[in-house]
Amino acid sequence: MEKLRMPIGVDDFGKLRTNNFYYVDKSGMIKELLYNWGEVNLFTRPRRFGKSINMSMLKYFFEIGTDKSLFDGLAISKETELCDKYMGQYPVISITLKQVTGKTYAAAEKNLWRQIRRAARKFPALLKSERLDDEDKSDLNELRSAEGMAEDSLAVLSDLLYKHYGKKVIILIDEYDAPLQKAYENNYYDDMVGLIRQIFGYALKTNDSLFFSVLTGCMRISKESIFSDLNNSRIHSISDERFDEWFGFTDAETVRMLNYLGLEEHYEATKEWYDGYRFGDQDVYCPWDVINWCDQLLNTSNRIPQNFWVNSGATDIIRQFAEQSDSITRDQIGALIEGRTVRMNLVQDLTYRDMMDQPENIWSILYTTGYLTHRTRYEDGGCDLCIPNREVKNIFITKINAWFTAKVLDDEDGMKEFFADFTSGDAEALEDCLNYHLGESVSYLDGGNYEDRETFYHGLLLGMLRTRKGWEIKSEREAGNGRADITAFNLRKKDAYIIEVKYSKSDRDLNADAQEALGQINRLRYDQYFSQRLPKSIRHYGIAFCLKQCRVLTE
C-alpha cells in the first residue's frame, strides 16, 4: 500500500484529506472550542505551527454544504451528537490577512479589499436569494466589486448571510496581525490600526448576525491598539493551558508519524532539533520542521537535519536583540546558548510601536514568536526562558556571531590598532586589542562544541585580516606536514605570518595552548608554505581563546 505523502505547504484541509497526504488529527480542537465557547476566540502561536490548517479544518467542519466524509475516521467523528448539531450547519466567512501588505496604506487597503471581495464571491447563492431585497443586493454587489466602506464590510456580509440562510455566521480571520507588522515597517501604522480596529468592532462586537469567531496570529496585540472596542474576546496565548495540544505536534504524534514512515531510527535527531517548545503545559514539536525533515529523509540521501523553520521566515529580531543589548543582556544570551534558562517577566500585550522600547519587550517578542520558550512559570508572572532546540540555537549562534564580527570590523580605529600590533610583533599589545573586542561580545561566543568554538575564533581573525588591501590571506592551506590555520602575506613589504588558533577549555590553559600552537607551527614545518615566495621575514603567532579572553604568543 502506498504511503501517505508529506503535506509540505498544504494548508487547505479539504485538499489534504482528499489527496493522499498524511494528517495529524487535530479535530479534537472542534469539541474543545464548542465546549469552551467564546464569542471571539484569539489564538496566538508562532508561525508554522498549524494555525492555517486548523482554521481551514474549522471552515470545512462548520460550513453549509460541507463534505462530511472529510472527517471520517477522525476524533471528532466519534462525537456523533455534536456532529449532528454543528457539522455543515453554518455560513462561514473565512479570510486571511497574510497578504494585506504594501509599501503604502493605500496599497495595503487595496489588498484587504481583495480578500473581502474573494470572501463575498464564495456565496453565489446570495445573488438570486429571494430573502434579500434590492438594497441588500446593492450592498452585495459593492462587496463583490470591492467598493464601499472596508470598515463594515465583514459585518455587512455576515448580515446578508444571516438573512439568506437564517443562521448566524462564523467568522474566521487568519494571520490577523500580519497587516500591522507591515504597516509598522512602512510607516502607516496608525492608519492600519484604525482600519483593523473598526473592522473588528463592526464584525465582532456590534454584530447581531455573529455566532462566534476565531482569529489567529503570532503576536498578542494590546487591547488598546486594536481590541479596544472588544470586551467579548477570549485570548489563548502560548502560555495558556487550554487548547495547548492543538497547535504543534506532541511527542506521541511525532513518534506515530516516524513509525508509520519507517523512520523511527531518526527519533533522537528529530527530538534534539525540532522539539522543545512548550505551549501551556504541553511539550510540542514544530510541525513545519517535522514534515520537512521526514520528506528529506524519505526522498534524499541527506541525513543531516536542516534549519527548516528558521529558513522559512525573517530572523532580524535576533540581530536587533544583539544590537540593543547591554553587557547584562549579552551575558544572558550567552547563558541561553549554553543551554541554561533566564528568568524574565514578560509583557504579552504589546503594540508594534513599543516593541523595541525596552529590553523586556524584546524578550517577550522572542518568546511569542517561538525563538524562546518557557520551562517554568511563576505566580508573579515570571518565566524561566530557554532556547527550545538545536535548530533555534543555531540561528542564535549564527546571528550573534555575525553581529559581533561585523561590530569588530566596523570599528575603524580598532582595526588600525589591530594591524599595527599584528605587524609589529607586539604580542602583548595584540592580546590586549583582541581582549578588548572580546569583552564587547556575548559571554559564550558560540555555545557549540570544542571544534565549533575554535572555528568561530578562526573565522573572526580571518575576517579582520581580510579587511586590509594588499594582503593575501589563506585558510587551512597544506603546509609542510600539515595544514596551517591562517597564512598572511603582505604583498608590498613581503612579510609573512603564520597563525595557529586553539580553543582552551579553561582560562588556566591559555598559556599552555598558545605554546602548543607555536610548537605545532615549528613541528609541522608550516614555514614551507612560503618557500616559493621568499619573504623578508616569517612571524609565527600562537593564539589561544577561552570565552572572552585570549593569549597571544609569538616568535
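Preceding this section is the structure that the text describes.
We now turn to the structure provided with this report.

Conventions used here
- Residue numbering note: each chain is counted from 1, following its sequence as written.
- Selection of residues for local features in this predicted model requires a pLDDT of at least 70, selection of side-chain atom pairs for listing and counting requires 80 or more, and totals for whole chains, interfaces and linings are taken over all residues.
- No hydrogens and no water enter the side-chain calculation; it runs on all heavy atoms of the structure.
- Going along the chain from the N terminus, every DSSP run of H or I of four or more residues is numbered as a helix, and every run of E of two or more is numbered as a strand.
- Only protein chains enter the accessibility calculation, which uses a 1.4 Å probe. A residue is then buried if its area is under 20% of the maximum for its type, exposed if over 50%, and partly exposed in between.
- Methods summary: accessible areas were calculated by the Shrake-Rupley approach with a probe of 1.4 Å, and residue burial reflects only the protein chains presented.
- By the counting rule applied here, Lys and Arg register as positive and Asp and Glu as negative, while His and the ends of each chain are not counted.
- Each charge is placed at NZ for Lys, CZ for Arg, CG for Asp and CD for Glu.
- What makes a salt bridge here is a side-chain nitrogen of Lys or Arg within 4 Å of a carboxyl oxygen of Asp or Glu, nothing more.
- Here a polar contact is recorded for every N or O atom pair within 3.5 Å, except that within protein the pair must consist of a potential hydrogen donor and a potential acceptor, and residues adjacent in sequence are included only if both atoms are side-chain atoms.
- What makes two residues a contact is simply this: any of their non-hydrogen atoms within 4.5 Å.
- Here a strand pair is declared whenever DSSP counts at least two bridges between the two strands.
- Orientation is described by lines fitted to C-alpha atoms, with helices fitted over the stretch in contact, and by angles between N-to-C directions that extend from 0 to 180 degrees.
- The cut-offs work like this: below 35 degrees is roughly parallel, past 145 is roughly antiparallel, 65 to 115 is roughly perpendicular, and the gaps in between are oblique.
- By the definition used in this description, the sense in which the near helix is turned from the far one sets the handedness, with an anticlockwise turn below a right angle giving left-handed and a clockwise turn giving right-handed.
- Side-chain classes are defined by residue name, with Ala, Val, Leu, Ile, Met, Phe, Trp, Tyr, Cys and Pro counting as nonpolar, Asp, Glu, Lys and Arg as charged, and the others, Gly among them, as polar.
- Working definition: a ring pair exists when centres of Phe, Tyr or Trp rings (six-membered ring for Trp) sit within 6.5 Å. Plane angles under 30 degrees give stacked, over 60 give edge-to-face, the rest tilted.
- Any Lys NZ or Arg CZ found within 6 Å of a ring centre and within 35 degrees of that ring's normal is scored as a charge over the ring.

## Comments concerning the overall build of the chain
Secondary structure summary: the chain contains 21 helices and 15 strands in total. Along the three orthogonal principal directions, the C-alpha set of the chain runs to about 95 × 55 × 50 Å. Burial analysis of the chain (555 residues in total) assigns 55% to the buried set. Looking at the chain as shown, the accessible area adds up to about 24600 Å², and 44% of this sits on carbon and sulfur atoms. If the 72 positive side-chain charges of the chain are averaged to one point and the 88 negative ones to another, these points end up 4 Å apart.

## So, unusual backbone geometry
In the Ramachandran plot, N20 falls in the positive-phi region, its phi being about 65° despite a non-glycine side chain. Judged by its relative accessible area of 29%, N20 falls in the partly exposed class. Positive phi outside glycine occurs at E476, with the angle close to 55°.

## With respect to the side chain of D289
Within the secondary structure, D289 sits in helix α12 (residues 287-299). The side chain of D289 is buried and forms no salt bridge, while R47, the nearest opposite charge, is found at 8.2 Å. Reaching out from D289, the side chain makes a polar contact with the backbone nitrogen of W309 at a distance of 2.8 Å. When residues no more than four places from it in sequence are discounted, the contact partners of D289 are Y274, F308, W309 and E391.

## Looking at the sheet that holds strand β8 (residues 342-345)
Read across the open sheet, the three strands follow the order β8-β10-β9; overall the sheet is antiparallel. Pairing within the sheet leaves two strands with one partner each, and these edge strands are β8 and β9 (373-377). Each strand axis lies, on average, 40° off the axis of its neighbour in the sheet, ignoring direction. Judged from the four bridges that link them, β8 and strand β10 (residues 382-386) form a sheet pairing that is antiparallel. Note on β10: the bridge partner recorded for V342 is L385. Lying over the sheet, helix α15 (residues 327-337) contacts β8 and β10, oriented at roughly 125° with respect to β8.

## Some remarks on the packing of helix α10 (residues 251-261) against helix α11 (residues 267-274)
At their nearest, the axes of α10 and α11 sit 11 Å apart, and the two run at 140° to each other. Regarding the angle of α10 to α11, the classification is oblique. The crossing of α10 and α11 is right-handed. For the pair α10 and α11, the contacting residues are D251, T254, V255 and L258 in the first and Y267, T270 and K271 in the second. Taken together, the residues that form the contact of α10 with α11 break down as three nonpolar, two polar and two charged.

## Let's talk about the packing of aromatic side chains
Summed over the entire model, instances satisfying the criterion amount to 36 aromatic pairs. Ring centres 5.3 Å apart and planes at 70° place the aromatic pair F456 and Y457 in the edge-to-face group. In terms of burial, F456 and Y457 fall into one category: buried. The rings of F13, Y23, Y60, F61, F62, F71, Y86, Y90, F211 and F212 are connected pair by pair, giving a single aromatic cluster. One residue, K3, lies across the ring of Y260, its end atom 4.4 Å from the ring centre. In this arrangement the basic side chain of R48 is found over the ring face of W288, its NZ or CZ atom lying 3.9 Å from the centre.

## Concerning the environment of D275
Inspection of the secondary structure assignment puts D275 in the loop between α11 and β6 (277-279). Residues contacting D275, with those up to four places away along its chain left out, are T270, V284, Y285, P388 and N389. At 2.7 Å, the side chain of D275 forms a polar contact with the side chain of K271.

## Section: the pairing of strand β1 (residues 40-44)
With five of five residues buried, β1 is to be regarded as a mostly interior element. With burial as the criterion, each face of β1 is covered, one bearing V40, L42 and T44 and the other bearing N41 and F43. With five bridges connecting them, β1 and strand β4 (residues 210-217) associate as parallel partners. Following the sheet pairing, L42 is matched in β4 by L215. As judged from the four bridges shared by β1 and strand β5 (residues 233-236), these two strands associate in the parallel manner. Looking at β5, one finds that N41 is bridged to R234.

## Some points on the packing of α15 against helix α17 (residues 390-409)
One can describe the packing of α15 onto α17 by two numbers: an axis separation of 10 Å at closest approach and a directional angle of 145°. Remark: the crossing between α15 and α17 carries left-handed chirality. Contact with α15, carried on its side by R330, I333 and I337, involves K393, F396, I397, I400 and W403 of α17 and no other residues of that element. Split by residue class, the contact of α15 with α17 holds six nonpolar, no polar and two charged.

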